[in-house]
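# Structure assessment
Spelled out from the first residue to the last, the chains are:
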Amino acid sequence: MSNERDPEVERERLLRQLFARAKPRPQPPPGDTEEIRRAVLAEWETVTGARVWRRRAAFAAVAAGLLVAAVVYVGGGGPGPSAPAPLIASVERAQGVVTTADGARVSAGSGIVAGVQLQSGDGQLSLRLASGGSLRIGPNSRVVLASGDEAELLAGAVYFDSEQRRPSEFVVTTQLGQIRDVGTQFLVRLDDQQLAVGVREGRVTLTRGADVDTAGVGQGLVASQAANGLRRDSIETFGADWEWAERLAPPFDINGRTFGEFIAWFEAQTGRTVVFADAALEREIRAAVQAGSVDEPPLQKLSTVLAINNLTYTLEGDRVVIRR
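The rules behind these values
- Residues numbered from 1 in each chain as written.
- Predicted model: local features only at pLDDT ≥ 70, side-chain atom pairs only at ≥ 80, totals over all residues.
- Heavy atoms only, no water.
- Helix = DSSP H or I, 4+ residues; strand = E, 2+ residues; numbered from the N terminus.
- Buried < 20%, exposed > 50% of the residue type's maximum accessible area, 1.4 Å probe, protein only.
- Contact = heavy atoms within 4.5 Å.
- Areas by Shrake-Rupley, 256 points an atom, 1.4 Å probe, with all protein chains shown as cover.
- Pairing = 2+ DSSP bridges.
- Axes fitted to C-alpha atoms, helices over the stretch in contact; angles between N-to-C directions.
- Phe/Tyr/Trp six-rings, centres within 6.5 Å; stacked < 30°, edge-to-face > 60°.
- pLDDT = per-residue confidence, 0-100.

## Re the overall build of the protein
When its secondary structure is counted, the protein shows 8 helices and 19 strands. Among the 324 residues that make up the protein, the fraction classed as buried is 43%. Considering only contacts in the protein between residues 6 or more positions apart, those separated by 24 or more positions represent 51%. Counting only carbon and sulfur atoms, one obtains 51% of the accessible surface of the protein, whose full area is about 16,400 Å².

## Re the pairing of strand E9 (residues 142-147)
In this sheet, E9 lies alongside strand E6 (residues 117-119) in antiparallel orientation, the contact comprising 3 bridges. Each bridged residue has a counterpart across the sheet, and for Gln117 the counterpart in E9 is Val144. The pairing of E9 with strand E10 (residues 150-161) spans 5 bridges and is classified as antiparallel. Note that in E10 the partner of Arg142 across the bridge is Ala155. Remark: 2 residues form the turn of the hairpin made by E9 and E10, two consecutive strands paired antiparallel.

## Side note on the sheet that holds strand E17 (residues 273-276)
Taking strand neighbours across the sheet as the criterion, the 3 strands line up as E17-E19-E18 in an open arrangement whose pairing is mixed. Among the strands making up the open sheet, the edge pair consists of E17 and strand E18 (312-316). Across this sheet, the average inter-strand angle for adjacent strands is 30°, counted without regard to direction. Both E18 and strand E19 (residues 319-323) contribute to a ladder of 5 bridges, which runs antiparallel. Following the sheet pairing, Thr314 is matched in E19 by Val321. Set on the sheet, helix H6 (residues 259-270) makes contact with E17 and E19; between it and E17 the angle comes to about 140°. The strands touched by helix H7 (residues 279-286) are E17 and E19; relative to E17, the strand with the most contacts, the crossing angle is about 115°.

## Notes on the packing of aromatic side chains
One pass over the structure, following the stated rule, counts 8 aromatic pairs. Between Phe160 and Phe170 the ring centres are 4.5 Å apart and the planes differ by 10°, which places this aromatic pair in the stacked class. In this pair, Phe160 is assigned in strand E10 and Phe170 in the loop between E10 and strand E11 (171-174), connecting sequence segments 10 residues apart. In this structure, Phe160 and Phe170 share a single accessibility class: buried. Measuring from centroid to centroid gives 6.1 Å for Phe259 and Phe262, while their planes differ by 55°, and the two rings are tilted. With Phe259 and Phe262 both in helix H6 and 3 residues apart, this pair spans about one turn of that helix.

## Concerning the confidence of the model for the protein
The pLDDT averaged across the protein works out to 83; a share of 74% of its residues lies at or above 70. Note that residues 39-73 has pLDDT below 50 and, in this model, 50 contacts with residues that lie over four places away or in other chains.

## Concerning the pairing of strand E12 (residues 177-190)
Note that E10 and E12 share 6 bridges and pair antiparallel. Bridge pairing in E12 places Phe160 opposite Phe186. Inspection of the sheet shows E11 paired to E12 by 4 bridges, in the antiparallel sense. If you follow Val171 over to E12, its bridge partner there is Arg180. Linkage of E11 to E12, two consecutive antiparallel strands, is achieved through a turn of 2 residues. With 11 bridges connecting them, E12 and strand E13 (residues 194-208) associate as antiparallel partners. Note on E13: the bridge partner recorded for Arg180 is Thr205. Counted between consecutive antiparallel strands, the loop separating E12 from E13 contains 3 residues.

Here it is in structure tokens:
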């Protein structure tokens, strides 16, 4: 009698051991579960063949259920299967390698639940908050999403854009103070010694103990670990300090949209103002409906869209001047 194991039996034994060690995870809505289950089982049938598929249909269904939980949700713990943890954000863009604190990789489309710590390393990502607005996480940052209305910045940088549609304020908490938005775009940087806040639009409040300070457009606040005082600076609302956040700008599909709509998106994402070399050109181009599709950071996208319209531009401080 041969001592060699049947390869099929051995693979099934190893898979069962693997799934037996998997920890329970919150389950997605039934509609999503069924849709992803069908996709996984279809791939299973393609890879293994109909004969093996018939033998393992029930086992593959269990595997599909586990894959669904891994694909749809990022983050462990939380309520059991009978009470799924609510999603507070979804990943809109992910550039480079970004992981959770336990090493799970985060990618575009991942769902985020409360309490998850995100670590960007050399990567960066943008989140679409379920409560409204865009939260972007810069390189070498560690951020805990406490809820859909609050993030804790442990290190690095975040950028928040309320997009003027949020029904509630958003709070960024740090060891050196708490920043609260009032319908705004702002950037927060934190290292071991210093907290810096810059406001591009609207205003923010910075609370440190009993002290509350406010900053508006073009203002920055700097709080130091070593000093009790606060420094207020004038800052530029465009340029190098904001470029990483601009690379994470939400997609804007130009197809079927007017040039004027594209300009409004560009201005909101860059802090720059678009002007035309002459009034006649502006009247001609603002209402022009665009065609095609391109997904690039705002400045590169502007160059592409202008080239399609046989136009060009120059940068003059915070102004973008469009001309033939």
